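Spelled out, the chains give:
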Amino acid sequence: MASLAGSALSFARPVKAINIKSVSFSGLRKDNVAFRLQPVPQRFAVCCPAKKETVDQVCDIVKKQLALGDNTEVCGSSKFQDLGADSLDTVEIVMGLEEAFGISVEESSAQSIATVEDAANLIDDLVAAADAKSS
């Protein structure tokens, strides 16, 4: 018996991969089932990385808010959770970022921040929007 969920298949019986383009398996019945796999065009997202100065400043604020030692490395890919932050710490980090950059972060946007890079990208976007609005 096979079950199909999204793009994943799970099989109760062994599966025979004929080649990279098709998969077949035999069940308990006389009929055989085969799937043809079709290539999917690779999708990509274009993103503009945050400015290095913004990332560095966010790193400093995160270190300060979480009371991390100088020997703790914080970089753009650092996840708040991996640094020991809980949900309250994340709220305090966002508040510190709002104060430091003179911005206001919507709650829905704040919930999407998981890494230093996420925060820096959001800050750059908010600062750019504020600059464009004032121009």
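First, a word on what this report is: a plain description of the structure on this page. (Residues numbered from 1 in each chain as written. Predicted model: local features only at pLDDT ≥ 70, side-chain atom pairs only at ≥ 80, totals over all residues. Heavy atoms only, no water.)

## Things to note about the nonpolar core
Here's step 1: Core analysis: the biggest nonpolar cluster contains 25 residues, and Val58, Val62, Phe80, Leu97 and Val116 have the highest contact counts within it.
Here's step 2: Where this core is concerned, the elements lending two or more residues are α1 (52–65), α2 (87–101) and α4 (116–134). (Core = buried A, V, L, I, M, F, W, Y, C linked by side-chain atoms within 4.5 Å. Buried < 20%, exposed > 50% of the residue type's maximum accessible area, 1.4 Å probe, protein only. Helix = DSSP H or I, 4+ residues; strand = E, 2+ residues; numbered from the N terminus.)

## Quick word on the pattern of salt bridges
Here's step 1: Using the criterion set out here, one finds 1 salt bridge in the structure.
Here's step 2: A salt bridge links aspartate 56 to lysine 52; the shortest N-O distance between them is 2.9 Å. Note that aspartate 56 and lysine 52 are positioned in helix α1 at a spacing of 4 residues, about one turn of the helix.
Here's step 3: The class for aspartate 56 is partly exposed, based on a relative accessible area of 34%. (Salt bridge = Lys/Arg side-chain N within 4 Å of Asp/Glu carboxyl O.)

## A word on the environment of lysine 79
Here's step 1: In this fold, lysine 79 is placed in the loop between α1 and α2.
Here's step 2: With 39 residues separating them along the chain, lysine 79 and aspartate 118 place their C-alpha atoms 9.3 Å apart.
Here's step 3: For lysine 79, the residues in contact, after removing those within four places along its chain, are Ala114 and Thr115. (Contact = heavy atoms within 4.5 Å.)

## Brief notes about the side chain of serine 78
Here's step 1: When you line up the elements, serine 78 lands in the loop between α1 and α2.
Here's step 2: There is a polar contact of 2.8 Å between the side chain of serine 78 and the backbone nitrogen of cysteine 75.
Here's step 3: Apart from the residues lying within four places of it in its own chain, the contact partners of serine 78 are Glu73, Leu83, Ala114, Thr115 and Val116. (Polar contact = N/O pair within 3.5 Å; in protein donor to acceptor, adjacent residues only side chain to side chain.)

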